[in-house]
Amino acid sequence: MAASYRLAELARRVGGKVRGNGDRRVEGLATLDAAGPAHLSFFTNARYRKAALATRAGALLVGKPADLGDRDLLICNEPYVALAQLLELFQAVVPAPPAGVSPRAAVSRGAKLGEGVSVGPFAVIEEGAMLGASVVVGPGTVIGRDSRIGEATELRPGVVLYPGTVIGARCLVHSGVVLGGDGFGFATVNGVHRKVPQTGRVVVGDDVEIGANTTVDRGALGETEIGSGAKLDNLVMIAHGVRVGAGSLLAAQAGIAGSTRLGPGVVMAGQSGIIGHLDIAGGTIVAAKSAVFDDTAGAGTVAGVPAVDHRNWKRAQALVRRLPELHRTVKELQQRVAELEARSTADRREDDR
Amino acid sequence: MAASYRLAELARRVGGKVRGNGDRRVEGLATLDAAGPAHLSFFTNARYRKAALATRAGALLVGKPADLGDRDLLICNEPYVALAQLLELFQAVVPAPPAGVSPRAAVSRGAKLGEGVSVGPFAVIEEGAMLGASVVVGPGTVIGRDSRIGEATELRPGVVLYPGTVIGARCLVHSGVVLGGDGFGFATVNGVHRKVPQTGRVVVGDDVEIGANTTVDRGALGETEIGSGAKLDNLVMIAHGVRVGAGSLLAAQAGIAGSTRLGPGVVMAGQSGIIGHLDIAGGTIVAAKSAVFDDTAGAGTVAGVPAVDHRNWKRAQALVRRLPELHRTVKELQQRVAELEARSTADRREDDR
Amino acid sequence: MAASYRLAELARRVGGKVRGNGDRRVEGLATLDAAGPAHLSFFTNARYRKAALATRAGALLVGKPADLGDRDLLICNEPYVALAQLLELFQAVVPAPPAGVSPRAAVSRGAKLGEGVSVGPFAVIEEGAMLGASVVVGPGTVIGRDSRIGEATELRPGVVLYPGTVIGARCLVHSGVVLGGDGFGFATVNGVHRKVPQTGRVVVGDDVEIGANTTVDRGALGETEIGSGAKLDNLVMIAHGVRVGAGSLLAAQAGIAGSTRLGPGVVMAGQSGIIGHLDIAGGTIVAAKSAVFDDTAGAGTVAGVPAVDHRNWKRAQALVRRLPELHRTVKELQQRVAELEARSTADRREDDR
């Protein structure tokens, strides 16, 4: 990273302010632990105050003025956005793979490739596939027949698109992703599971990112849809006929069962799940490790198994932890009531005397 | 889809009855939302009544006569089975890959390929592997040495079989599946984990389907078995030495730890798990997101962590939700008892006077 | 398996003792169910007593003298370690793949390969990659530019290393593993998720094993680290910036969210999870299906969602199961208190008379 910028210049680029020495030269970004005097680091999570006080970083990106000694600060209202911009600025420029088809790839004559497409070795592009301009196909990636891929979308090594898959523009699909595998549909008669043919397809919008080894199944009849701007992490499972709303964020190992539909901007935290045939309102947030068994009516956070309003879940969990105490209290009450009963009976007997 | 059938003809093929116009021409199947007048759609889940009333479909497949206005109905006792049949009838015929070995595949001279085998580009078939007639090996799929694959089994692109894997006939193995990886076995001495060699193998029966990116580990010593007719969804994990009973259904992201044995027809819903060394009775159903920590004695549904009879789980969950109320009740009881105690003491004192 | 050993000879090799006939010839190892008279089997888990009594095995490996009739026993203090040694001894010797680069691999001229490296067909090794002596690269595996791999490490078929990945010596990476994919980092402004460039890398220590289809993401800025001697099972997810301590054991489908740091020797059971930005003390054990939402202070087992000390969790779960009973008790108490109140009021009224 030969690039070097004055701190004031960085502030100008990200719309922030400098507190301290705007002439300080910054040669790169680094984590609090790893940074040296020529680095800009960042402090945006209060958990890391100790590390921020101990860092050797020359300057710190922060969301608001903070008491961090004499350090030079770059203050931005949206520090995470500024970080994204700065990373783009400083990032070691990885040369894009050269345009052109590797002589070791297997591209069907009936496939159509746009301008500037790059195809790596051992990639397979079947009959009828159409790739927009500047699409990048990694080594070993397989694009099934009649698939369509929008411009500037990148498929990393080892992706598999089943026939008929549609992907929009500017998407990023990581290694090991499988789009368009058969949905899990069987009609069971006398214990024998007859396959229900899965004749639909997967349709992915624009600006979608899909993490490593995630799977999205084709619809049985109709489409499985990933809305534009949605981001899926690794090892996520999207079943047949699901619709993921635009701009949704699905963290690692989340799963959605068949035919469930998510409104826009749904967030699923890690290892959460949603059963089939539900309607999940836009803006719903599903907490980590939770499972949604019912429709959600509006934006809001749900947690637990089955998932309920997260405040109710927290309250119930706290009370579960207090169950031993509650049992003791009830036992004690039983004794006191028994004593009162005994006393009352004795008193009455005495009165009767 | 150029095919077109009279509704009465479709009824005859699936053993159903028509209510309405048996001469109506049906050109294809479609979901309730997507269907037009030339389509047959289906209404088998009460959740979709609204969509069924609004659909533009010319006819509807139903399980029993339903009040859906004047629409033409195709009524079948087993509508989901009928749907499977109709999808097979109408499905756009995807041409099977041509028989023959791609010149770009790497097939060992010591491998034996049955008649009509199809091997895609960049597939690898190692020494000693035996493939039955009509086996399909997708692009980039790797078949380890001495593996055996039964006739008409299909391996989609990017499957890996470790050496010695055995698969029966008519199976369908989706992309990214890994069969025969090492089990997770270590002998720990003084904090160092020594690998326990995994010398067994994976044996898959006939008519098994395995979903994308699922993994099945080889036995440490002996076999990991997937019984005939079992269906595994995507991202499922089967550990070493497990036996999955015939006709079992394991939904996405389910996992089974080492040496556990499932009887026939076990159902695991999504994201459920079973710990190691258990005996799970045939017909056991494990609810979504549940974890089984003990043997199950007979068919029946279990739920929760640890999993118990699902009715008990439901009752307990309902009572957990009512814990705030219970706490209030107990607090109130404490006050009332305290008052009674005070009264009783006061009364006695009065009596003593 | 032509090898055959006297039982006394096996005892000498694993530092154990024979009870019975030391001259018995052992030709191989087998599970209790599968063993015959020429086999040594093992009985180390009390669950399998019935099978141990029924086995046809000629001899049994045990941890301590056991009442198993007249069988010949090989008694070892650490039977599981002995089993590892014996499996190595008897294991059908799988010939290592021959050294050399397959003519069907795509190895960049700018890559450096140590002595005795083996590269399978359709593997890709990009510019600047450095492979130590005796590294094995399976068919179809992709090694991104500038990656470094220590000596004797094996990558099975279909592994993907993103550019810049570092792996130590003697590691074993199973099929479908993806190391170095982008972390899940987005800066959201007005509902649009802007990608935070992921510019770090993955660094794996020595003697690490990584199971099939597991994914480890690169750091956003800085490294994701897998400590030496750690073992990861299949379908595990390690997010960006995580540090997994040396010698940790992560069972299948476990997941760790971003920036969390594990001390040495942490154990995560199957389907467990840890949220981001936590410090997990060395020696912490996370029970199956649990989710850790807070730092752990020291070694010890945690369980539940959120995870707490496992004894507290067990107690709470037992009490949850007893909730129906508790509700009945409280209801009954309410009645008894109401009666006492009625009586007391009646008594007072009587007294007033």
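Residues numbered from 1 in each chain as written. Chains lettered and ligands numbered in written order. Predicted model: local features only at pLDDT ≥ 70, side-chain atom pairs only at ≥ 80, totals over all residues.

**Structural notes on the relation of the copies chain B and chain C**
Reasoning step 1: Each copy superposes on the other: chain B lies on chain C with an RMSD of 0.1 Å after a rotation of 120° and an axial shift of 0.0 Å. Seen this way, the second copy is the image of the first under a three-fold rotation axis. (Least-squares fit on C-alpha atoms with pLDDT ≥ 70 in both.)

**A few points about the environment of Val-302 of chain C**
Residues and elements named next belong to chain C.
Reasoning step 1: Within the secondary structure layout, Val-302 lies in strand S39 (residues 300–303).
Reasoning step 2: Exposure remark for Val-302: the 23 C-beta atoms within 10 Å place this residue in the buried category.
Reasoning step 3: Each C-alpha atom of the pair Val-302 and Trp-313 lies 8.0 Å from the other, and the pair is 11 residues apart in sequence.
Reasoning step 4: Here Val-302 is in contact with Thr-284, Val-286, Ala-287, Ser-290, Val-292, Thr-296, Ala-307, Val-308, Asp-309 and His-310, once residues within four sequence places are set aside. (Helix = DSSP H or I, 4+ residues; strand = E, 2+ residues; numbered from the N terminus. Buried ≥ 20, exposed ≤ 12 C-beta atoms within 10 Å, placed from the backbone. Contact = placed C-beta atoms within 7 Å.)

**A word on the environment of Ala-84 of chain B**
Reasoning step 1: Tracing the backbone through its elements, the reader meets Ala-84 of chain B in helix H3 (residues 79–90).
Reasoning step 2: Not counting the four nearest positions on each side in its chain, Ala-84 of chain B is found in contact with Ala-187, Arg-194, Lys-195, Val-196 and Pro-197 of chain A.

**Side note on the interface of chain B and chain A**
Reasoning step 1: Facing 56 residues of chain B, the contacting portion of chain A comprises 52 residues.
Reasoning step 2: Among the secondary structure elements, those contributing two or more residues to the side of chain B that touches chain A are H3, helix H4 (310–321) and helix H5 (323–352) of chain B.
Reasoning step 3: Looking at the side of chain B that touches chain A element by element, the count peaks at 10 residues for H5 of chain B.
Reasoning step 4: A class-by-class count of the residues in the side of chain B that touches chain A yields 27 nonpolar, 20 polar and 9 charged. (Nonpolar A, V, L, I, M, F, W, Y, C, P; charged D, E, K, R; others polar.)

**Observations concerning the sheet that holds strand S2 (residues 17–19) of chain B**
Within a beta sheet, neighbouring strands are joined by backbone hydrogen bonds and run either parallel or antiparallel to one another.
Residues and elements named next belong to chain B.
Reasoning step 1: If you trace the 5 strands from one edge of the open sheet to the other, you get S2-S7-S6-S5-S4, paired in mixed fashion. Since the sheet does not close on itself, it has two edges, and those belong to S2 and strand S4 (28–29), each with one partner.
Reasoning step 2: Direction of pairing for strand S6 (residues 59–62) relative to strand S7 (residues 72–75): parallel, over a ladder of 4 bridges. What sits directly across from Ala-59, in S7, is Asp-72. (Pairing = 2+ DSSP bridges.)

**Remarks on the interface of chain B and chain C**
Reasoning step 1: Contacts between the two partners involve 52 residues from chain B and, on the opposite side, 56 residues from chain C.
Reasoning step 2: Only strand S21 (178–181), strand S22 (186–189), strand S23 (192–195), strand S26 (215–217), H4 and H5 of chain B provide two or more residues apiece to the side of chain B that touches chain C.
Reasoning step 3: Taken together, the residues that form the side of chain B that touches chain C break down as 31 nonpolar, 14 polar and 7 charged.

**Considerations on the environment of Asp-146 of chain C**
All names here are of chain C.
Reasoning step 1: Of note, Asp-146 is situated in the loop between strand S15 (142–143) and strand S16 (148–149).
Reasoning step 2: Here the alpha-carbon distance between Asp-146 and His-240, two residues 94 residues apart in the chain, equals 19 Å.
Reasoning step 3: Apart from residues no more than four positions distant in its own chain, Asp-146 is found in contact with Gly-128, Ala-129, Pro-163 and Gly-164.

**A closer look at the nonpolar core**
Reasoning step 1: Counting residues in each nonpolar core, the largest one holds 231 residues, and the members touching the most others are Val-286 of chain A, Val-286 of chain B together with Val-286 of chain C.
Reasoning step 2: In this view, Val-286 of chain C contacts Val-267, Met-268, Ala-269, Ser-272, Ile-274, Val-292, Val-302 and Ala-307 of chain C; residues no more than four positions away in its chain are not counted. (Core = buried A, V, L, I, M, F, W, Y, C linked by C-beta atoms within 7 Å.)

**Some details on the domain arrangement of chain A**
Reasoning step 1: Domain boundaries assigned for chain A yield domain 1 (5–90), domain 2 (100–312) and domain 3 (322–353).
Reasoning step 2: Between domain 1 of chain A and domain 3 of chain A, the C-alpha centre-to-centre distance is 67 Å. (Domains from an automatic or database assignment.)

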